[in-house]
Amino acid sequence: MGEIRDIEKSTPRNLPSTATGPELSLQVIISAAASSMREMESDAPGASMEVYDSSDSSGFPFEVNPQEAWLPITESRNGNTVTSVFHLLSSGIGIQSLLLPVAFSTLGWAWGIICLSLAFIWQLYTIWVLVQLHESVPGSGTRYSRYLQLAIAAFGPKLGKLLAIFPVMYLSGGSCVMLIIRGAGTMELFFKVICGGEATCEDKSLGGAGWFLVFTCMAIALAQRPNLNSIAGFSLIGAVTAIAYCTLIWALPISKGRPVGVSYDSLQGKSDMSGICDILNAVGMIVLAFRGHNLVLEIQGTLPSSSKRPSKMIMWRGVTLSYIIIALCFFPIAIAGFWAYGNKIASTEGMLNAFFLFHGHNTSKFAKALICLLLVINCLSSFQIYAMPVFDNLEFRYTCMKNKRCSRMVRAGFRIFFGGLAFFIAVAFPFLPSLAGLIGGISLPLTLAYPCFMWISIKKHQQKANGFMWCLNLGLGCLGMVLSVLLVVAAIWNLATKGLHANFFHPR
């Protein structure tokens, strides 16, 4: 996300210190992303990219810029297909997938499956585009290991930062805040399951802020690994737990049968405007279930590359394997979840609540506790990979100011600082998940539209040779922008008609 320039050209600068509102508060989390606007010379956008000398006799590029070897994302380039699969699964499967049956309750069987299939194909295509653009100039040795770098290379310094900073900021630091809120809530649910619902449970419970603090301390304690490659073990745990809870959450309801009175009639608002907004919100739930595009270039940046075997070959193999598994998780959740609960799931905010509401009474304590535990472990593991771009930006600022690698104490200090800031935002704005549709609609172009426009911009000299690709990317990019606007309008309409319970500093 941060722009990388040669150390000799780096000069000390102060970090930005202003931020207001829920969204702007997140800007502080990755202040380096905002301050990078002053790091880039407007007439030399390519100066920020990673440049390599491909003439190294080892067959692998030799890194000219020493700063790249100091930063968490590119400090180690010893990754492989297996580690990329771990990272992609850990970042790609999240608690958002449990909302897919809710979307089906509005869209119905046919349109639900169609929209889910189209969204899966579309986002897989944009991942392919990002993988190809990581080393978009063959033989030059230039690698774009951060999403913001690629945006600047494609759109220029000003427009690139304007379009990409907020989505990247939200999808990294904001995702960590969401993980604290969701993970802490699931920890409290796990405690209640273990406690057995006794009258003393409430007295023993820590309360909302207490659970937030426990989860944050655990996440930051685990976040002391030095670079992205070193957390492959955490990503493996995150991938295994994600697959496990996704499987349990749809297999158990099927084995226990459907509740009485299940209906599959499409739920839409009574008025035309309300019905349209409900449909758009359902489409938004499906699109937002596919996450992790802001980490694709970062994951590819951990892979070795040479002229004979570029990193895109290794990365695409990892993407193919991981998204076969993701499809085997998402489609059963959506289909089996809607089959089990029908329209009853619409008022439960997802599969987890629906399972505890309708099948909690005839499910063993062990099974319920296991699902909660898997979710908590998955949130802790996902926190590590989503926080890594934030750590990378903070260390980038430090290395620019000091012209040296971060020491262990400084690195630990940055991680503790970020954890404290994320904890504060989570406690201050515990209702942020309610705004996920709005903020997600704003950040949706990063997933579905910007990669297409990046392809057009970077490959414009090959327009005649790639006429079909140019038209395809132009159409998908424009459609993605239109969809983003519609989702934002629908989210604002829902907030205006249904209201928002803004419980500032009162997490529950």
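Residues numbered from 1 in each chain as written. Predicted model: local features only at pLDDT ≥ 70, side-chain atom pairs only at ≥ 80, totals over all residues. Heavy atoms only, no water.

Peer 1: What is the right way to look at the overall build of the protein in this model?
Peer 2: Helices and strands together make up the secondary structure of the protein, namely 18 helices and two strands. The burial tally for the protein puts 57% of its 508 residues in the buried class. Counted over contacts in the protein with a minimum sequence separation of 6, partners at least 24 positions apart contribute 84%. When the accessible surface of the protein is totalled, it reaches about 20400 Å², and 66% of it is carbon and sulfur. (Helix = DSSP H or I, 4+ residues; strand = E, 2+ residues; numbered from the N terminus. Buried < 20%, exposed > 50% of the residue type's maximum accessible area, 1.4 Å probe, protein only. Contact = heavy atoms within 4.5 Å. Areas by Shrake-Rupley, 256 points an atom, 1.4 Å probe, with all protein chains shown as cover.)

Peer 1: Teacher, can you tell me more about the side chain of Ser235 here?
Peer 2: Here Ser235 shows up in helix α9 (residues 232–256). For Ser235, a relative accessible area of 1% puts it in the buried group.

Peer 1: Mind showing me how you'd approach helix α6 (residues 157–195) here?
Peer 2: Given 3.6 residues per turn, any residue in an α-helix points the same way as the ones three and four places further on. The end-to-end C-alpha distance of α6, which contains 39 residues, comes to 55 Å, matching closely the 57 Å that a straight helix rising 1.5 Å per residue would cover. Of all the bends in α6, the greatest, near 35°, is centred on Ala164, and the proline Pro167 appears no more than four residues after it. With respect to burial, α6 is a largely interior element, 28 of its 39 residues being buried. Phi turns positive one or two residues past the end of α6, at Gly196, with a value near 85°. (Expected span 1.5 Å × (residues − 1). Bend = angle between axes of the 7 residues up to and from the residue.)

Peer 1: Just to check I follow, could you spell out the confidence of the model for the protein for this structure?
Peer 2: The predicted coordinates ought not to be read in detail in places where the model reports low pLDDT. Of the residues in the protein, 83% reach a pLDDT of 70 or more, and the chain-wide mean stands at 83. Confidence over residues 1–63 falls short of pLDDT 50; this stretch has 163 contacts with residues more than four positions distant or in other chains. (pLDDT = per-residue confidence, 0-100.)

Peer 1: Help me understand the packing of helix α4 (residues 100–133) against helix α17 (residues 450–458), please; the structure alone is not making it clear to me.
Peer 2: In a packed pair of helices, the relevant descriptors are the angle between the two axes and the axis-to-axis distance. Where α4 meets α17, the axes come as close as 9 Å, and the angle between the chain directions of the two elements is 40°. Considering the relative orientation of α4 and α17, their crossing is left-handed. Contacts between α4 and α17 involve Tyr125, Thr126, Trp128, Val129, Leu130, Gln132 and Leu133 from the first element and Pro451, Cys452, Met454, Trp455 and Ile458 from the second. Residues of the contact of α4 with α17, tallied by class, amount to ten nonpolar, two polar and no charged. (Axes fitted to C-alpha atoms, helices over the stretch in contact; angles between N-to-C directions. Left-handed = near helix turned anticlockwise from the far one by under 90°. Nonpolar A, V, L, I, M, F, W, Y, C, P; charged D, E, K, R; others polar.)

Peer 1: I keep staring at the environment of Arg411 and nothing clicks. Help me out?
Peer 2: Looking at where Arg411 falls in the secondary structure, it is placed in helix α15 (residues 408–428). Judged by its relative accessible area of 9%, Arg411 is buried. For the pair Arg411 and Arg225, spaced 186 residues apart in sequence, the C-alpha separation works out to 9.5 Å. Sequence-distant contacts of Arg411, defined by excluding residues within four places in its chain, comprise Trp70, Glu75, Pro226 and Glu395. In terms of polar contacts, Arg411 uses its side chain to reach the backbone carbonyl oxygen of Pro226, at 3.5 Å. (Polar contact = N/O pair within 3.5 Å; in protein donor to acceptor, adjacent residues only side chain to side chain.)

Peer 1: Can you help me understand the nonpolar core in this one?
Peer 2: The tendency in soluble globular proteins is for nonpolar side chains to be buried side by side. Counting 138 residues, the largest nonpolar core has Ile93, Ile286, Phe383 and Met454 as the members making the most contacts within it. Counting residues per element, this core draws most heavily on helix α14 (residues 365–402), at 18 residues. (Core = buried A, V, L, I, M, F, W, Y, C linked by side-chain atoms within 4.5 Å.)

Peer 1: Quick question: what am I supposed to make of unusual backbone geometry here?
Peer 2: In most cases, non-glycine residues show a negative phi, while peptide bonds are predominantly trans. Despite not being glycine, Asn403 shows a phi value in the positive range, around 55°. Position of Asn403 among the secondary structure elements: in the loop between α14 and α15.

Peer 1: I'm lost on the packing of aromatic side chains in this one. Help?
Peer 2: Two descriptors summarise a pair of aromatic rings, namely the distance from one centre to the other and the angle between the planes of the rings. Counted by the stated rule, this structure contains 20 aromatic pairs. The interplanar angle of 75° and the centroid separation of 6.2 Å between the aromatic rings of Phe120 and Phe331 together place this pair among those described as edge-to-face. Within this pair, whereas Phe120 is found in helix α4, its partner Phe331 is found in helix α12 (residues 311–341), the two being separated by 211 residues in sequence. Judged by its relative accessible area of 13%, Phe120 falls in the buried class. A ring pair is formed by Phe355 and Phe356, whose centres lie 5.9 Å apart and whose planes are at 90°; its orientation type is edge-to-face. Comparing Phe355 with Phe356 shows no difference in burial state: the two are buried. Members of the aromatic cluster, each reached through a chain of ring pairs, are Phe120, Phe290, Tyr323, Phe330 and Phe331. A cation sits over an aromatic face here: Arg415 above Phe391, 4.3 Å from the ring centre. Between Lys459 and the ring centre of Trp455, over which it is positioned, the NZ or CZ distance is 5.3 Å. (Phe/Tyr/Trp six-rings, centres within 6.5 Å; stacked < 30°, edge-to-face > 60°. Lys NZ or Arg CZ within 6 Å of the ring centre and 35° of its normal.)

Peer 1: Hey, could you run me through the environment of Lys460 in this one?
Peer 2: Here Lys460 shows up in the loop between α17 and α18 (467–498). For the pair Lys460 and Trp470, spaced ten residues apart in the sequence, the C-alpha separation amounts to 8.3 Å.

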